[in-house]
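# Architecture and fold: a report
Chain by chain, the residues:
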Amino acid sequence: MVFGLVTTLAGTKWFFADVLADGATPGEFLLNLADFPALANVNGSAVLTLPGAPAGLASIVLTRNSAAEFFAVDSTCAHNQCQVPPASYNPAAHQNEITCACHGSRYQANGELLGGPALRSLRAFSARLLSPTQLRVSIPEFRFTLGAIKSQPVSGGNRLKLTFPALAFLTYNVRYRATLSTAWTTVNFSRFASGPLIQIDYPGIGADGEVYVAAPRPAGFFSIITV
Ligand code: FES
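Residues numbered from 1 in each chain as written. Predicted model: local features only at pLDDT ≥ 70, side-chain atom pairs only at ≥ 80, totals over all residues. Heavy atoms only, no water.

Moving on to the pattern of salt bridges. For the coordinates displayed, the defined rule picks out two salt bridges. When the shortest N-O distance is used, the salt bridge between glutamate 97 and arginine 106 registers 3.2 Å. (Salt bridge = Lys/Arg side-chain N within 4 Å of Asp/Glu carboxyl O.)

Structure follows, in structure tokens:
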């Protein structure tokens, strides 16, 4: 089981993803567009793996259709579950399209089916530009809450407070990686804002867990996993 949290730290700006718990409210990722150069220009497209994605949702294809319009779709091909690549612009059709490399199914970047063998469209998610630099992607399957806040500096270094639902009888670790493509490393944490960062295992007690980690440089991503 993996619980995920995207935390992107750029300079003094802190962005994070809330993944909401109750199932009635969609899980929401806040993405800093500066972290995804492929999306800087219209018709740019990228495949993102979201830490903590629910089973069956490996990643999403995010495409910038215009300056302010983004499409986010499940990257799992509707034919036989291959992972589709980013979209590319088809000048003849004046649109961004996704072509599955396995058997050639074609979709519009918004997920709409253009040609088989797939018989249905890719699943689409809401992607909304909140500011020139920040995009919100909503994925309803996320049913747990994660949050991150900047904590007070401790011994000259900022800390990040991570909260997550910690089920009883499960033990959790905190992992970090600098980019979406680098490997996860387990990081030490403290249960307290000013305590030493020496703990690895967090025993769940059926209530929200709170841990403090050293704020990373460079920007990066956190996930909480059960071990
Ligand atoms: Fe994509 Fe067959 S799995 S076309």
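The discussion continues.
On to the confidence of the model for the protein. Summary statistics for the protein give a mean pLDDT of 76 and a share of 68% for residues scoring 70 or more. Per-residue pLDDT, averaged within each element of the protein, yields its smallest value for strand E3 (residues 13-16) (33) and its largest for strand E10 (residues 106-108) (98). Overall, residues 1-26 carries pLDDT values under 50, and its contacts beyond four positions in sequence, including any with other chains, amount to 101 contacts. (pLDDT = per-residue confidence, 0-100. Helix = DSSP H or I, 4+ residues; strand = E, 2+ residues; numbered from the N terminus. Contact = heavy atoms within 4.5 Å.)

All right, on to the pairing of strand E9 (residues 95-99) then. Most of E9 sits inside the fold, with four of its five residues counted as buried. Sheet topology places strand E8 (residues 88-90) next to E9; three bridges connect them, and they run antiparallel. Looking across to E9, one finds that asparagine 90 is bridged to glutamine 95. In this sheet, E10 lies alongside E9 in antiparallel orientation, the contact comprising three bridges. Counted as the bridge partner of threonine 99 is arginine 106 from E10. Turn length for the E9-E10 hairpin, with the two strands adjacent in sequence and antiparallel, is six residues, and the turn residue glycine 104 shows positive phi of about 85°. (Buried < 20%, exposed > 50% of the residue type's maximum accessible area, 1.4 Å probe, protein only. Pairing = 2+ DSSP bridges.)

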